[in-house]
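Take a look at the letters that make up each chain.
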Amino acid sequence: MLDTKPNFLHNIGFSSPTRHMQDLPILYSFRRCPYAMRARLALFSSGEPFELREIVLRNKPEPMLLASPKGTVPVLIDNTRVVDESLDIMLWALTKNDTDNWLPQDDSIEKDTAMLWINECDNEFKPKLDRYKYFDRHEKDQQTYREESLGFINKLNSALVTSPWLLGNSPTIADMAILPFIRQYANVDATWFENSEFSHVKRWLGEFLESEIFQRIMPKYPLWTEESLPLIVNECSS
Ligand SMILES: N[C@@H](CCC(=O)N[C@@H](CS)C(=O)NCC(=O)O)C(=O)O
């Protein structure tokens, strides 16, 4: 049985015995955003304590915009350092503490391969996913945009024939950075995806959706306001 209880609920309103709450890194996040999901995956996995501030994109809080005027989530603020690219937040968290061994060694072929996968996802696949999802804002029909995105899905499917995860027998940063986007892709037309030939991608996504770490990052968080009690994640409560 999965333990789906979000661990921060144990900690609402408690300060750390070892570290003052105002010293904790702050993550501005939006639950359904795939970039924010990959940041939360790495942060939750790392076990590093942080304050989670759930926002909505149509009403971004002033302190977030002051820290990062470009106005995208996720944003991590660690004292004076602002990290406002999701992949950098993953690296920030996993470099501190890589509990689940998601980060291949520096200068290894695996690290290069992981970064190539993520780069292709972010720079080539994501724009196609957006056109597929929001086809009515563009010129062509949805099926055409879906066909344009199939190259990446096919490539993932082929890689997943020989190993359960992109780089081998266990998940790495490559899987965790990309899967939130594949989840979004699958949900655009769930019936089509279910009936598609991409059995390895379906199995890969299914395992991710059922994983404990995915359950842990997906509870519905209350929206953050300046008056909110801090939602502390990964805090020891004893
Ligand atoms: N390159 C950024 C992209 C983040 C991004 O585009 N996030 C979207 C939400 S999924 C966003 O904040 N968009 C701004 C808006 O819609 O106002 C990253 O990796 O963190």
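Remember, predicted model here, so these are calculated numbers, not experimental data.

Parameters and conventions
Residues numbered from 1 in each chain as written. Predicted model: local features only at pLDDT ≥ 70, side-chain atom pairs only at ≥ 80, totals over all residues. Heavy atoms only, no water. Axes fitted to C-alpha atoms, helices over the stretch in contact; angles between N-to-C directions. Helix = DSSP H or I, 4+ residues; strand = E, 2+ residues; numbered from the N terminus. Parallel < 35°, antiparallel > 145°, perpendicular 65-115°, else oblique. Left-handed = near helix turned anticlockwise from the far one by under 90°. Contact = heavy atoms within 4.5 Å. Near = heavy atom within 4 Å. Polar contact = N/O pair within 3.5 Å; in protein donor to acceptor, adjacent residues only side chain to side chain. Areas by Shrake-Rupley, 256 points an atom, 1.4 Å probe, with all protein chains shown as cover. Nonpolar A, V, L, I, M, F, W, Y, C, P; charged D, E, K, R; others polar. Buried < 20%, exposed > 50% of the residue type's maximum accessible area, 1.4 Å probe, protein only. Pairing = 2+ DSSP bridges. pLDDT = per-residue confidence, 0-100. Core = buried A, V, L, I, M, F, W, Y, C linked by side-chain atoms within 4.5 Å. Domains from an automatic or database assignment. Phe/Tyr/Trp six-rings, centres within 6.5 Å; stacked < 30°, edge-to-face > 60°. Lys NZ or Arg CZ within 6 Å of the ring centre and 35° of its normal.

A few points about the packing of helix H4 (residues 109-133) against helix H5 (residues 142-162)
Between H4 and H5, the least distance of the axes is 8 Å, while the angle of their chain directions is 155°. As summarised for this structure, H4 and H5 are arranged roughly antiparallel, according to the angle between their axes. Handedness of the crossing formed by H4 with H5: left-handed. Packed against H4, whose contacting residues are Trp-117, Glu-120, Cys-121, Phe-125, Lys-128, Arg-131 and Tyr-132, the element H5 presents Gln-142, Tyr-145, Arg-146, Glu-148, Ser-149, Phe-152, Ile-153, Lys-155, Leu-156 and Ala-159 at the interface.

Some remarks on the site of the ligand
In the vicinity of the ligand, the residues found are Cys-33, Tyr-35, Leu-57, Lys-60, Gly-71, Thr-72, Val-73, Pro-74, Asp-84, Glu-85 and Ser-86. At a separation of 2.5 Å, an oxygen atom of the ligand approaches a polar side-chain atom of Lys-60. Residue Val-73 places a main-chain N or O atom 2.9 Å away from an oxygen atom belonging to the ligand. For the ligand, whose unbound accessible area comes to 520 Å², protein coverage reaches 71%. Across the shell around the ligand, the residue classes break down as five nonpolar, three polar and three charged.

A few points about the pairing of strand S2 (residues 50-54)
Here S2 lies mainly inside the structure; five of its five residues are buried. Judged by which residues are buried, S2 turns out to be covered on both faces: Phe-50, Leu-52 and Glu-54 on one side and Glu-51 and Arg-53 on the other are all buried. By the bridge criterion, four bridges tie strand S1 (residues 26-29) to S2 in an arrangement that is parallel. Across the sheet, Tyr-28 pairs through a bridge with Arg-53, a residue of S2.

Notes on the confidence of the model for the protein
A low pLDDT score tells you not to read the predicted coordinates there in detail. On average, residues of the protein score 91 in pLDDT, and 89% of them are at 70 or above. Predicted confidence is poor over residues 1-18, with pLDDT under 50, and the contacts of this stretch with residues over four places away or in other chains come to 29 contacts.

Regarding the nonpolar core
Within the largest apolar cluster, 56 residues are counted, with the highest numbers of intra-cluster contacts made by Phe-125, Ile-182, Val-201 and Trp-204. Elements supplying a minimum of two residues to this core: helix H1 (34-46), S2, helix H3 (86-96), H4, H5, helix H6 (173-188), helix H8 (199-210) and helix H9 (212-217). It is H6 that provides the largest number of residues to this core, a total of ten residues. If you count residues domain by domain, this core takes at least three from each of domain 1 (7-100 + 219-233) and domain 2 (109-213). Once you skip the residues sitting within four places of it in the chain, Phe-125 turns out to touch Glu-120, Ser-149, Phe-152, Ile-153, Phe-181, Ile-182 and Tyr-185. Ile-26, Tyr-28, Met-64 and Val-75 belong to the second-largest nonpolar core, a separate cluster that totals eleven residues.

Some words on the packing of aromatic side chains
In total, this model carries ten aromatic pairs according to the counting rule given. On the basis of an interplanar angle of 85° and a centroid distance of 5.9 Å, the ring pair of Tyr-28 and Trp-224 is categorised as edge-to-face. Of this pair, Tyr-28 sits in strand S1 while Trp-224 sits in the loop between H9 and strand S5 (232-233), and the two are 196 residues apart along the sequence. Accessibility expressed as a relative area gives 1% for Tyr-28, which makes it buried. Connected via pairs of aromatic rings, a cluster forms that spans Trp-117, Phe-125, Tyr-132, Phe-152, Tyr-185, Trp-192 and Phe-198. Above the plane of the ring of Trp-117 lies Lys-155, whose end atom (NZ or CZ) is 5.5 Å from the centre.

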